[in-house]
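Coordinate inspection notes
Below are the chains, spelled out letter by letter.
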Amino acid sequence: EGGHAAQPDLWRGALDRATRQRERSPTPEPADEARIEAVRGWVLRDLGRYAESETALRRSLERARAAPGEMNPAALRALNNLAYTLQLAGRKQESIAAYERLVDWFAAHEPADSQPRLWAEYTFAKSLRDLGEPARARDILQRIRPAVLRVVGESHADLAGLDIALAQSLMDLGDVAARGRVVDAVARSHAAVPQKNML
């Protein structure tokens, strides 16, 4: 949900609306408060206000978990957003711990080829590379690639995106030949028929 920092006025307006909505309901239902705080969290993150974003996202996670079911889609989204916020804030170990918590939940509750689980593992791997852990990123991407191939097929843009991330991780580890794999995967991603991406 990142990449919106170029529109700060739009996001400040969204933040103001979320704040007013929260103030109008002093005792909102946990699920409603979770949604409001999630909006606040990702808007604050995109404005670069990481400490405030973290507070809002932790509140969103807490309220979402208070709703029926210890972890539910709202809680999982809040946890993913928290992990990404911590990553942007440069808090590497805390970010990795949050991503691991997310991936561990999917591993315990979803089959290995489920799209949500593959998405969580792919997101974690890409973040690990950004956080300076290319070997861990490579290992995850190599492990999940067969499942992604089975789910989306050879010509899907998601598979090409995974292969780009994998080749980049290999390059980070000193594999010069992986440059060709990046070029090939980028070409495949451009040639892919527009599809709704899983990853």
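Please refer to the structure placed before this passage.
The shown structure was predicted, so the numbers you read here are calculated from the model rather than taken from an experiment.

If you tally the helices and strands in the protein chain, you get nine helices and zero strands. Shown N-terminal to C-terminal, the secondary structure of the protein chain runs as helices and strands in the order α-α-α-α-α-α-α-α-α. By the burial criterion, 42% of the 199 residues in the protein chain qualify as buried. Taking contacts inside the protein chain between residues at least 6 apart in sequence as the whole, the part at least 24 apart equals 58%.

Take the environment of Asp 184 next. Structurally, Asp 184 can be placed in helix α9 (residues 178–191). For the pair Asp 184 and Ile 164, spaced 20 residues apart in sequence, the C-alpha to C-alpha distance is 8.5 Å.

Interhelical geometry of helix α6 (residues 115–130) versus helix α8 (residues 157–172) gives an angle of 30° and a closest axis separation of 10 Å. With respect to each other, α6 and α8 are oriented roughly parallel. Pair α6 / α8 crosses with left-handed handedness. Within the contact between the two elements, α6 uses Tyr 122, Lys 126 and Arg 129 and α8 uses Gly 161, Leu 162, Ala 165, Gln 168, Ser 169 and Asp 172. Looking at the contact of α6 with α8 residue by residue, the class counts come to three nonpolar, three polar and three charged.

Moving on, we come to the pattern of salt bridges. Scanning all chains against the criterion turns up 18 salt bridges. Where Arg 188 meets Asp 184, a salt bridge forms, and the shortest distance between an N and an O atom there is 3.7 Å. Of this pair, Arg 188 and Asp 184 both sit in helix α9, four residues apart, which is roughly one turn of that helix. Accessibility expressed as a relative area gives 22% for Arg 188, which makes it partly exposed. Classification of Asp 184 as partly exposed rests on a relative accessible area of 42%.

Next up on the list: the nonpolar core. Met 71, Phe 124, Leu 141, Ile 144 and Val 148 are the most contacted members of the largest nonpolar core, which totals 38 residues. Discounting residues that sit within four places of it in the chain, Phe 124 has contacts with Ile 96, Tyr 99, Glu 100, Val 103, Arg 136 and Ile 140.

About the cut-offs
- Residues numbered from 1 in each chain as written.
- Predicted model: local features only at pLDDT ≥ 70, side-chain atom pairs only at ≥ 80, totals over all residues.
- Heavy atoms only, no water.
- Helix = DSSP H or I, 4+ residues; strand = E, 2+ residues; numbered from the N terminus.
- Buried < 20%, exposed > 50% of the residue type's maximum accessible area, 1.4 Å probe, protein only.
- Contact = heavy atoms within 4.5 Å.
- Axes fitted to C-alpha atoms, helices over the stretch in contact; angles between N-to-C directions.
- Parallel < 35°, antiparallel > 145°, perpendicular 65-115°, else oblique.
- Left-handed = near helix turned anticlockwise from the far one by under 90°.
- Nonpolar A, V, L, I, M, F, W, Y, C, P; charged D, E, K, R; others polar.
- Salt bridge = Lys/Arg side-chain N within 4 Å of Asp/Glu carboxyl O.
- Core = buried A, V, L, I, M, F, W, Y, C linked by side-chain atoms within 4.5 Å.

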